[in-house]
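One-letter residues, chain by chain:
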Amino acid sequence: MPKRRDILAIVLIVLPWTLLITVWHQSAIAPLLAIRKACHHLVKEIFIIPERLAVHHHRLSDEGAEGRREAGGQDSKEYCASDKDIVEVVRTEYVYTRPPPWSDVLPTIHIITPTYSRPVQKAELTRIANTFLHVPNLHWILIEDSQRRTPLVTSLLRETGLNYTHLNVETPKNFKIRGDTRDPRIPRGTMQRNLALRWLRETFKNNSQPGIVYFADDDNSYSLELFEEMRSTRKVSVWPVAFVGGLRYESPKVNAAGKVYGWKAVFDPHRPFAIDMAGFAINLKLILSKPQAYFKLRGVKGGYQESSLLRELVTLNDLEPKAANCTKA
Amino acid sequence: MFIIFYYTYIEIGKHLYFSALGTNHRCFQGDSLWGQHCDCAEHDLPKDRAISRLQEELYRLQEKKQPPKSSLSTIFVITPTYARLVQKAELTRLSQTFLHVPQLHWILVEDSPRKTPLVSNFLMKSGLTYTHLNVPTAKERKLQEGDPSWLKPRGVEQRNEGLRWLREDRKTEPGDNGQQGVVYFADDDNTYSLQLFEEMRSTQRVSVWPVGLVGGMKFESPVVEGGKVVRFHTGWRPSRPFPMDMAGFAVSLRLVLANPDACFDGEAPMGFLESSLLKGLVTADELEPKADNCTKVLVWHTRTEKPKMKREEALQVQGLGSDPAVEV
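Residues numbered from 1 in each chain as written. Chains lettered and ligands numbered in written order. Predicted model: local features only at pLDDT ≥ 70, side-chain atom pairs only at ≥ 80, totals over all residues. Heavy atoms only, no water.

A separate point is the UniProt feature "binding site: Mn(2+)" (unreviewed entry) in chain A. Those places that UniProt annotates as "binding site: Mn(2+)" (unreviewed entry) correspond, in this numbering, to D219(A). Summarising the element assignment, D219(A) is placed in the loop between β4 (211-215) and α8 (224-230). Non-local contacts of D219(A), meaning those with residues more than four positions away in its chain, are made with E124(A) and R93(B). (UniProt positions renumbered as here; feature names shortened; annotations may be inferred. Helix = DSSP H or I, 4+ residues; strand = E, 2+ residues; numbered from the N terminus. Contact = heavy atoms within 4.5 Å.)

The following block contains the structure:
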């Protein structure tokens, strides 16, 4: 008959090992279980992480950052159900609306786009957003010509994933285009652009972040090189614009010293700045330093809208020609 | 010996104790074996570890230009194009949309006897996976200056050339993998949302969806009941076998390869171009409705205004036209 001492010895040997094995097994499973529970939260975090790390400056959007990524179309439940390693999830998941990561060194390009309701509005905004999604450090200021911010634009902006500000101001009826869209006496989008300028001045009053301001209409086409050309603007930079003013392209005239001395345009080339809205960009500092400079609303002759702003900001001599000394459209 | 066992027992006892308290208290895992009673709300170690692993993964992914080649099936987009003033602008904007879509192969077919340098250079700089083809439209089939756009069907030879190339190319890629894909006919002046391409990727035979701003309507769309297309909502010639626009459907590559004679019929009456291809491939009840049972508009049949060149023409008469060396 085994002695009690031996039984005790065996128990004391076996018991710790069985307990040890049980604990190891449990400690392997518990984190996995925890991860599964956290998975739903984490899948959302996958999308939010780049934004949190990336965006530094003030953003005036009414919806918080959480709303932006959810409309990516992925259901977190699909991915969290499996026991697969979470890293797998990140690999197979494709986030198709994602702007490039925010950079600390690039100046922000603030794009001011007035828009108004018409059948092609959603199409135009969709395709211009597809363009903007390629540009790093881009901040889109979209101003609606409406009494209230429309749900169409609100949800479109949210789904793109872009860094945006959504404003609105309604042009009074007596200023609006009366049927004839070609009537140049009534400036389109002026109040909206001015509102954006005012917003910029209020937001960046005490902020010395470098930035460039560009007025982009929602129906134009932009190459990606353009945005990189304008990033180095010190005061106001200019370049050619195609299919404007009845020409293949309008362009500033640049002399051998790299200075602008005139305008290659046929429609009133003696305007102080015979350039289209899409043909110039302004450094944010200049905008902030001249708080009275706005687009003139009343009494502006056709084609002089750009001049009404630019002449308050800069002289011809200060213009910086881009696009290989204004030889590329 | 007893002492050794005693120590082991105490250790295990501590582990058990803490794990028994629930999965929240995981502070002991990792470095600290002795279970320091830390503020566990802060130190959720496995979750932190998972998050930092994910962050590393994300940074790595963001550095790559495109996501790694995955099991996504390739979308072959066939686009006919022709030289006109706005061609470069249209192609630029279109390429900016396509650059967001993974596993997309752009088959651009020029209506021209030779490949033009404008398109060749553009494609080279675009960063897309592409195939550059060209085939000229016969003179009698071409729209003349002043002809309304609906008079003759456009892009027929070019789309057929795209299909022919695709069939040839796939012969060199045997096996099931080479047969996986979706074929979509995209015109260079339409507007495509990125969601559309994800919807069409799962096409088994022919998938359909609404198209905005086409046929004189806010949108044209298949009408879906019980997950099947029962009729079409359109204002023009609804009696057509497939009364929809080129942008409103996609065909699986398998189906295209299985029917080597299926192509567009240039002689078909106005509006029957799409039907001339589809009737040889599928029946109406086999169509797969996408875009939330055809309730969302993800593509718009936008048209681009012809730019006014009055002043250019006036200058050219005087010999002072815009520098032709500047590519527009």
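Additional details are given in the paragraphs that follow.
We now examine the environment of H166(A). All names here are of chain A. Relative to the elements of secondary structure, H166 occurs in strand β3 (residues 163-168). Take H166: its relative accessible area is 3%, and that puts it in the buried class. For the pair formed by H166 and P269, sequence separation is 103 residues and the distance between their alpha carbons is 35 Å. Looking at H166, its side chain comes within polar contact range of the side chain of E144, at 2.8 Å. (Buried < 20%, exposed > 50% of the residue type's maximum accessible area, 1.4 Å probe, protein only. Polar contact = N/O pair within 3.5 Å; in protein donor to acceptor, adjacent residues only side chain to side chain.)

Residues and elements named next belong to chain A. Evaluated as defined, the whole model comprises 18 salt bridges over all chains. The closest approach of N and O atoms between R118 and D218, which form a salt bridge, is 3.0 Å. Of the two residues, R118 sits in the loop between β1 (108-115) and α5 (121-132) while D218 sits in the loop between β4 and α8, which places them 100 residues apart along the sequence. A single burial state applies to R118 and to D218, both of which are buried. A salt bridge links D217 to R193, with the shortest nitrogen-to-oxygen separation between them at 3.0 Å. Remark: R193 occurs in helix α7 (residues 190-203) and D217 occurs in the loop between β4 and α8; sequence separation between them is 24 residues. Using a relative accessible area of 4% as the deciding quantity, one classes R193 as buried. (Salt bridge = Lys/Arg side-chain N within 4 Å of Asp/Glu carboxyl O.)

What follows is about the pairing of strand β8 (residues 260-264) of chain A. Residues and elements named next belong to chain A. When strand β7 (residues 249-254) meets β8, the two strands line up antiparallel, connected through 4 bridges. For K253, the partnering residue across the bridge sits in β8 and is G262. Counted along the chain from β7 to the antiparallel partner β8, the turn is 5 residues long, and its residue G258 has a positive phi close to 80°. (Pairing = 2+ DSSP bridges.)

As a further point, take the packing of aromatic side chains. Taken as a whole, this structure holds 20 aromatic pairs over all chains when the rule is applied. With 6.2 Å between their ring centres and 45° between their planes, Y222(A) and F227(A) make a pair best called tilted. Arranged with centres 6.4 Å apart and planes meeting at 35°, the rings of F98(B) and Y192(B) form a pair that is tilted. One end of the pair, F98(B), is in helix α3 (residues 87-98); the other, Y192(B), is in strand β5 (residues 191-192), and 94 residues separate them in sequence. Classification of F98(B) by relative accessible area gives buried; the value is 0%. Three or more aromatic residues joined by ring pairs form one cluster here, namely F98(B), W106(B), F122(B), Y184(B), Y192(B), F197(B) and W209(B). (Phe/Tyr/Trp six-rings, centres within 6.5 Å; stacked < 30°, edge-to-face > 60°.)

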